[in-house]
Amino acid sequence: PPERRALAHAAAEIVERRDPEAYALAAGLRAAAGENERAAELSVAAGTEAARQGALASADLLLCRAADLATAPELITRAERELLTVLVLKGDAERSLALGERLLRDGDESVRLVLAEVGAEAERWDVAAAYLSAIPDDGDPRLSVLVARLAYARGEPERARDIALTTLRAAQ
């Protein structure tokens, strides 16, 4: 109803003015007012803050909500990138890989290394290897460490040691 939307809008204005850090409350009020894009922006801010404080379950919910509410592609991507970080921190390999694949399909190549790390942490070495094979070696030590871990997991401890030593020398 229009009256409820108007009240929610007014309440959101007050909350945002008085307590700029009350993102989650303001986001709920903006959504109730039918202001979904602003609600999504506030939900991203709330989710990011929740993740910073270690409240990963709350961050997960807030960022999922933000991605659902947003219509602007940049805002959806921002929400999903933040959500990917949260899912990785939670150790949710399945959801991390699914979301990362969607981001890759949308052209976000920067998630490839994250997905390789997720595969390695989940001891899904074939998944890690597939992502690693598509990353150009630009000297990033994280890439070298993952390649060494993969070599070790595949029963090649000497190769893993050689890669680790080469990476260590390059870092010095």
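Everything here concerns the structure above.
We now turn to the structure provided with this report. Since the structure is predicted, the reported quantities are computational estimates derived from the model, not experimental observations. (Residues numbered from 1 in each chain as written. Predicted model: local features only at pLDDT ≥ 70, side-chain atom pairs only at ≥ 80, totals over all residues. Heavy atoms only, no water.)

**A short note on the overall build of the chain**
- If you tally the helices and strands in the chain, you get 10 helices and zero strands.
- The order of α-helices and β-strands along the chain, N terminus first, is α-α-α-α-α-α-α-α-α-α.
- Relative to the compact-globule value of 16 Å for 172 residues, the chain shows a C-alpha radius of gyration of 21 Å, a clear excess of over 25%.
- Oriented by its inertia axes, the alpha-carbon framework of the chain measures out at about 70 × 30 × 25 Å.
- Taking all 172 residues of the chain together, 40% fall into the buried category. (Helix = DSSP H or I, 4+ residues; strand = E, 2+ residues; numbered from the N terminus. Rg over C-alpha atoms; globule rule 2.2 N^0.38 Å. Buried < 20%, exposed > 50% of the residue type's maximum accessible area, 1.4 Å probe, protein only.)

**A short note on unusual backbone geometry**
- With phi around 55 degrees, Glu-123 is a residue other than glycine that occupies positive phi space.
- Among the secondary structure elements, Glu-123 is positioned in the loop between α7 (112-121) and α8 (125-133).

**Comments concerning the side chain of Asp-108**
- Within the secondary structure layout, Asp-108 lies in the loop between α6 (93-105) and α7.
- Leaving out residues up to four positions away in the same chain, Asp-108 has contacts with Arg-81 and Leu-103. (Contact = heavy atoms within 4.5 Å.)

**As for the environment of Leu-75**
- As for its placement among the helices and strands, Leu-75 is situated in helix α5 (residues 73-90).
- Given a relative accessible area of 6%, Leu-75 falls into the buried group.
- In this structure the C-alpha to C-alpha distance between Leu-75 and Pro-141, which are 66 residues apart in sequence, comes to 31 Å.
- Beyond its immediate sequence surroundings of up to four residues, Leu-75 is in contact with Glu-37, Ala-40, Glu-41, Val-44 and Ala-70.

**A look at the pattern of salt bridges**
- Inspection of the entire model under this criterion finds 17 salt bridges.
- A salt bridge links Asp-140 to Arg-142, with the shortest nitrogen-to-oxygen separation between them at 3.7 Å.
- Looking at Asp-140, the relative accessible area reads 21%, which means it is partly exposed.
- A single salt-bridge network, built from bridges that share partners, covers Asp-60, Lys-90, Asp-92 and Arg-95. (Salt bridge = Lys/Arg side-chain N within 4 Å of Asp/Glu carboxyl O.)

**Some words on α8**
- Where α8 is concerned, the buried positions are Ala-128, Ala-129, Tyr-131 and Leu-132. End-on, the buried residues of α8 take up no more than an arc of 165 degrees, which puts them together on one face. Residues of α8 that are exposed and point more than 90 degrees away from the buried face comprise Asp-126 and Ser-133.
- Contacts from the buried residues of α8 go to α6, α7 and α9 (141-153). (Arc of directions from axis to C-beta.)

**Examining the environment of Leu-84**
- When you line up the elements, Leu-84 lands in helix α5.
- A sequence separation of 24 residues divides Leu-84 from Asp-60, and the C-alpha atoms of the two residues are 9.1 Å apart.
- Among residues more than four places away in sequence, those in contact with Leu-84 are Ser-96, Leu-99, Gly-100, Leu-103, Val-111 and Val-114.

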